[in-house]
Every structure is written in C-alpha cells, then in structure tokens.
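# Observations on chain architecture
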Amino acid sequence: MRRFLLPAAAAAVVCPTASAFAPTPFFRHAHTSVHMTATATDPAATASAEEVPLNGTPGSATDLGTPWEELGFEYRRTSSFVKMQYRNGEWGAPELERGEPYVPVHIGATALHYGQACFEGLKAFTHENGRVAVFRPLENAKRLRSSCERIVMPPLSDDLFLSAVRAAVRDNIAYVPPYGSGGSLYLRPLLFGSGARIGLQPADEYTFLLMVIPVGDYYAGGLAPVDALVVEGYDRAAAQGVGDVKVAGNYAADMRPNMESKEAGYPISLYLDASTRTTVEEFSTSNFVGIVNGPDGKCAGGKFVTPGSSSVLPSITNKSLMQIAGDEGMEVQRRDILTEELGSFDEIVACGTAVVVTPVGRIKCKGTTHEYGGGTKVGDTTRMLYDRVRDVQFGQGEDKFGWLHFVN
C-alpha cells in the first residue's frame with residue numbers, strides 16, 4: 001500500500017546551483033496533499049493540517065519485542081518508509097511505502113556498478129511535553145546536496161527534504177522512543193542511481209528513500225572512554241577525492257581496516273592524511289576533536305581543535321560542538337593537526353550522530369600510546385559538550401541556536 005504525500009503546485013525541487021539538472025515541478029496526483037510551511041530560514045516552522053496524520057503517539061509501538069532502553073543501534077522494522085523517484089528530468093511526489101521493506105533495483109543500476117549513492121543520518125527526539133523534534137535537519141539537507149553534486153545526482157530542495165522527514169516521522173511517531181528512555185528515532189535518507197548504465201556515466205533515473213529506526217541510548221551505562229588505533233597500511237580518502245561528502249564508497253573502504261582494528265582490541269580507528277601521513281584526518285565514522293583545557297582545567301580559556309582538511313566529512317555534530325565550545329569561552333580552531341600533537345591534548349573526542357561524543361582514553365600512533373584522563377576518566381569538557389547537546393535534543397536545555405524542527 002502506498003499513499004502520495006505532496007501537492008502538484010510547489011516550487012522547483014532541484015537545487016538551482018546544480019547545473020547538471022534543471023529545476024522542475026512536482027508530478028500531479030489526485031491524492032491527499034501536503035503543504036509545508038517550513039523554509040530554509042525557518043527550521044522550526046510547522047506544517048499545515050493537510051500533512052500526513054500522526055500515526056499514534058511517541059512510544060506507543062508494541063511490536064518491538066525489546067524494552068525501549070535496550071534497543072541498541074540496529075535495524076528494526078517500522079510502519080513505513082518514504083520513497084521518491086527522479087525520472088524524465090524531475091522528481092516525482094514522495095510516497096509512503098508500507099508492506100515489505102524492499103525496493104526493486106535494476107541490475108544495471110549505477111549504484112550497484114559505479115557506487116553512485118549517498119546517504120545521511122539524523123535523529124528525532126521526544127520531549128517531556130510529548131512533542132517530537134528533529135535535530136538540525138536543514139544541515140543534513142545541505143550536506144546531502146553537496147554529496148549529490150559531487151557524484152552528479154539530482155539534489156533535493158530544503159522543502160522537499162523536510163517534507164520527507166516530517167512525513168516519515170509523523171507516520172512512524174509510535175516508534176519514537178518515549179521521553180526518559182534515552183532513545184531516539186534514527187532517520188537514514190538514501191539517494192542512489194537506479195537507472196541502468198553499463199558505460200561510466202550518471203544514471204537517468206534516481207531513487208530517494210528515507211527509512212526510520214528506533215534506537216537506544218548509545219551510552220545507556222554512561223559515557224566511557226575507548227581506545228583508538230591509528231590506521232597503518234590504509235587511507236580513508238585522498239586529497240581532492242570524496243572524503244568530504246557522505247558517499248557510500250567511503251564506508252566500504254573502511255570496513256577492512258575497521259575490522260582489523262577491532263580484532264586488535266581497538267574499538268575505533270583513526271586515519272591520517274593520505275599524502276604525507278603526518279596529520280590527523282578523522283576516525284572511521286566520526287570527526288576528531290582535541291581539547292586543551294583552560295586555567296584550572298576549565299573549558300573557558302581552553303582550545304577546541306579539529307582538523308581543517310578538505311578530505312574530512314563536515315560533521316553536523318562537530319559543527320554543533322564548535323558552536324557550544326565558542327559559547328563556553330573556548331577558542332575554536334580548524335587546522336592541520338600533526339601526529340606529534342596527539343600527546344599535547346587534555347581530552348580527545350570522536351563525534352558523530354550516533355553517539356554525539358565518544359571519549360577516547362588512549363590512542364596508539366606509530367608505536368607510541370598517548371593517554372587521556374588516565375585512560376579511564378571522562379574529561380569535564382567532554383562531558384559538558386555531551387550534556388549540552390543532549391539537553392537541547394531532549395528539550396531539557398535552551399535551544400539558543402535554533403537547532404530543533406518540531407513535527408507535531
């Protein structure tokens with residue numbers, strides 16, 4: 001069963017800066033329509049009453065078979081997913097897909113042969129008053145467009161991306177973990193070349209999917225430091241490559257070194273630059289942050305240092321942490337970080353959507369092990385950064401930067 005979501009009369013859905021694809025209107029469908037009032041400059045805007053009805057209340061799903069507090073981070077089936085297809089030079093209307101969680105794919109699809117695919121990750125949170133907020137979705141829309149432009153795929157406008165996000169969350173709102181459980185609804189937008197090409201060239205058809213999964217608190221037992229290993233013998237991304245966009249191939253390349261690091265007893269891996277192997281780039285799936293605390297070990301007067309490499313994926317979590325660090329009186333630096341500097345930091349953080357922050361207790365680099373907080377203690381600045389982000393996400397702190405987009 002599928003239901004069309006958007007009206008015929010709408011603005012162009014293709015980003016005007018993507019010259020490879022011309023802006024085109026939505027398809028027309030005689031179905032219930034959605035009119036979104038959110039704009040790129042108003043991320044907290046709400047939608048009209050015509051949009052997808054709320055399918056339950058947060059935390060009302062009864063078919064998970066696992067307590068909300070024990071969900072972990074893995075695939076779980078929900079009510080529906082959003083699907084949208086690009087054909088004949090334009091995006092069709094998004095659809096809610098129910099039934100089996102599968103989509104037909106042509107055997108000649110460019111995503112299968114040439115890796116023409118990208119994705120995003122973001123989360124929705126239940127607040128104490130029952131409202132559900134998505135954290136910084138316009139930043140994900142922006143980064144998705146950047147990925148699309150790099151590998152020549154038609155991007156989505158902010159409005160179209162937001163309408164898909166709202167529809168997916170509202171129709172699956174029963175799967176948003178309840179307030180107090182520490183969990184969230186993870187959203188995974190995916191866009192890939194679904195048209196058939198045998199020669200190396202962009203597809204003529206594309207598919208956008210948005211799946212949602214309830215996930216638990218990554219640190220249900222509290223923040224705990226992990227050990228990291230600097231990767232030898234592999235590179236994550238080359239200069240002027242695709243390291244700064246969220247394309248599928250970046251993660252395939254990390255699977256073997258990631259597995260080898262884990263087998264050696266290191267939960268996370270840290271990559272160096274591919275050209276000189278002298279500067280820090282990023283962890284497997286997270287940005288790198290080095291913290292130098294200020295006087296008396298306080299964050300005020302300290303430094304928040306993160307790599308400025310053009311091969312690093314611009315993390316939305318890291319961008320949020322940089323704003324908070326500046327707000328707390330820290331000097332924020334985006335610059336090259338030499339491996340020799342690893343021993344000069346008071347705290348090291350790996351940051352990303354799934355975890356917000358992962359404290360790093362030790363880093364083994366070229367035979368030398370650097371230790372932070374005795375290898376077992378979570379630094380005060382790390383904890384402050386984590387708490388401030390989580391407080392905003394769950395509505396327990398002031399959203400002073402306007403990061404939340406409410407869906408109900």
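Scoring rules and cut-offs
- One numbering rule holds for all chains: residues counted from 1, following each sequence as written.
- Local features in a predicted model are, by the rule used here, given only for residues with pLDDT of at least 70; side-chain atom pairs are given and counted only at 80 or more, and totals for whole chains, interfaces and linings are based on all residues.
- As a rule here, side-chain values cover all heavy atoms of the structure and leave hydrogens and water aside.
- Axes here mean lines fitted to C-alpha atoms, for a helix over just the part in contact, with angles spanning 0 to 180 degrees between N-to-C directions.
- What counts as a helix is a DSSP run of H or I of at least four residues, what counts as a strand is a run of E of at least two, and both are numbered from the N terminus.
- Throughout this description, any angle smaller than 35 degrees is read as roughly parallel, any larger than 145 degrees as roughly antiparallel, any in the 65 to 115 degree range as roughly perpendicular, and the remainder as oblique.
- Crossing handedness is read from the near helix: turned anticlockwise from the far helix by less than a right angle, it gives a left-handed crossing, and turned clockwise, a right-handed one.
- Contacts between residues were defined by any pair of non-hydrogen atoms, one from each residue, lying within 4.5 Å.
- Residue classes follow a fixed rule: Ala, Val, Leu, Ile, Met, Phe, Trp, Tyr, Cys and Pro count as nonpolar, while Asp, Glu, Lys and Arg count as charged, and any other residue, Gly among them, counts as polar.
- Burial classes follow relative accessibility: with a 1.4 Å probe on protein chains only, a residue under 20% of its type's maximum area counts as buried, one over 50% as exposed, and anything between as partly exposed.
- A pair of strands is labelled paired if DSSP reports no fewer than 2 bridges between them.
- Two kinds of site are reported from a 1 Å grid over the protein atoms alone, namely cavities, where a 1.4 Å probe fits but cannot get out, and pockets, open sets with protein on both sides within 12 Å along at least five of seven lines, and residues are called lining when an atom falls within 4 Å of a point.
- Grid points are joined across faces, edges and corners, and a volume is the space filled by probe spheres set on the points.

This part covers the packing of helix H5 (residues 316-327) against helix H6 (residues 380-393). H6 packs onto H5 with a crossing angle of 110° between their chain directions and a minimal axis gap of 10 Å. For the element pair H5 / H6, the angle class is roughly perpendicular. Where H5 crosses over H6, the handedness of that crossing is right-handed. In this structure, H5 uses Leu321, Ile324, Ala325 and Asp327 to contact H6, whose residues at the interface are Met384, Leu385, Arg388 and Val389. A class-by-class count of the residues in the contact of H5 with H6 yields six nonpolar, no polar and two charged.

We now examine the pairing of strand S13 (residues 287-292). Of all six residues making up S13, five are buried, and the element is well covered by its neighbours. Direction of pairing for S13 relative to strand S16 (residues 347-352): antiparallel, over a ladder of five bridges. Within S16, the residue paired with asparagine 287 across the bridge is cysteine 351. Examined bridge by bridge, S13 and strand S14 (residues 303-307) share three bridges and lie antiparallel to one another. Looking at S14, one finds that isoleucine 291 is bridged to phenylalanine 304.

Let us look at the layout of surface pockets. Here the largest pocket defines a volume of roughly 890 Å³. As for the largest pocket, its lining consists of 35 residues, of which Phe73, Tyr251, Thr285, Ser286 and Ala354 are closest to the centre. Taken together, the elements giving at least two residues each to the lining of the largest pocket come down to strand S8 (184-193), helix H4 (248-263), strand S12 (280-283), H5 and S16. Looking at the lining of the largest pocket, the element that brings in the most residues is H4, giving five residues. Residue classes in the lining of the largest pocket are distributed as 17 nonpolar, eleven polar and seven charged. What the second largest pocket holds in volume is close to 350 Å³. Along its surface, the second largest pocket is lined by 19 residues, and Arg143, Leu313, Pro314, Ser315 and Lys319 are the ones closest to its centre. Broken down by secondary-structure element, the contributors of at least two residues to the lining of the second largest pocket are helix H2 (137-150), S14 and H5.

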